[in-house]
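Next come the chains, spelled out residue by residue.
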Amino acid sequence: MRRPPYTGPKDTSDFDNLSPDEALRAFTSYRLLGDCFEQSSDDDLAERGRLIGDWRILVKDRQEQAQRAERELAAAVRLARNEGASWNDIARTLRLPLEETRAHFDWPYGGF
């Protein structure tokens, strides 16, 4: 978990002059964004400031990351199989049931 960054003076609030409904919406957005970026460094958060303004950009960015991670995981499984790892070893490493692992990675990712 990263240290909370400096957020500015303590005598003001992002919630000043907001109605209760507006404050709740802002607070909920901050909490959800915190969940999205909890593993990010302060520098990474600064670079991703553009995501905070538009949820569509955030969703698209996360979808692209998920798709890339899925491709990389499939490649890693193919590598493991190529190096002689059994489906049991791979399933245990992924903490998935054997049947689910094979169903997901055996086809169409390479037909091992």
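Residues numbered from 1 in each chain as written. Predicted model: local features only at pLDDT ≥ 70, side-chain atom pairs only at ≥ 80, totals over all residues. Heavy atoms only, no water.

Further remarks concern the packing of helix α5 (residues 87-94) against helix α6 (residues 98-105). It is at 9 Å that the axes of α5 and α6 come closest, and there the two elements cross at 100 degrees. As judged from the angle between their axes, α5 and α6 are roughly perpendicular. Contacts from W87, N88, I90, A91 and L94 of α5 reach α6 at L98, T101, R102 and F105. Its residues assigned to classes, the contact of α5 with α6 shows six nonpolar, two polar and one charged. (Axes fitted to C-alpha atoms, helices over the stretch in contact; angles between N-to-C directions. Helix = DSSP H or I, 4+ residues; strand = E, 2+ residues; numbered from the N terminus. Parallel < 35°, antiparallel > 145°, perpendicular 65-115°, else oblique. Contact = heavy atoms within 4.5 Å. Nonpolar A, V, L, I, M, F, W, Y, C, P; charged D, E, K, R; others polar.)

Within the chain, R95 stands out as a residue other than glycine whose phi angle is a positive 60 degrees. Mapped onto the elements of the fold, R95 is located in the loop between α5 and α6. On the basis of relative accessible area, R95 is assigned to the exposed category, the value being 77%. (Buried < 20%, exposed > 50% of the residue type's maximum accessible area, 1.4 Å probe, protein only.)

Position of T101 among the secondary structure elements: in helix α6. Note on T101: relative accessible area 0%, which makes it buried.

Our next topic: the environment of A76. Mapped onto the elements, A76 comes out in helix α4 (residues 55-82). Along the backbone, A76 and I90 are 14 residues apart, and their C-alpha atoms lie at a distance of 9.8 Å.

Under the defined criterion, the tally for this structure stands at three salt bridges. A salt bridge links D61 to R62, with the shortest nitrogen-to-oxygen separation between them at 3.0 Å. For D61, a relative accessible area of 14% translates into the label buried. With a closest N to O distance of 2.7 Å, R92 and D89 form a salt bridge. Residue R92 and its partner D89 are both found in helix α5; the two are separated by three residues, about one turn of the helix. For D89, a relative accessible area of 33% corresponds to the partly exposed category. (Salt bridge = Lys/Arg side-chain N within 4 Å of Asp/Glu carboxyl O.)

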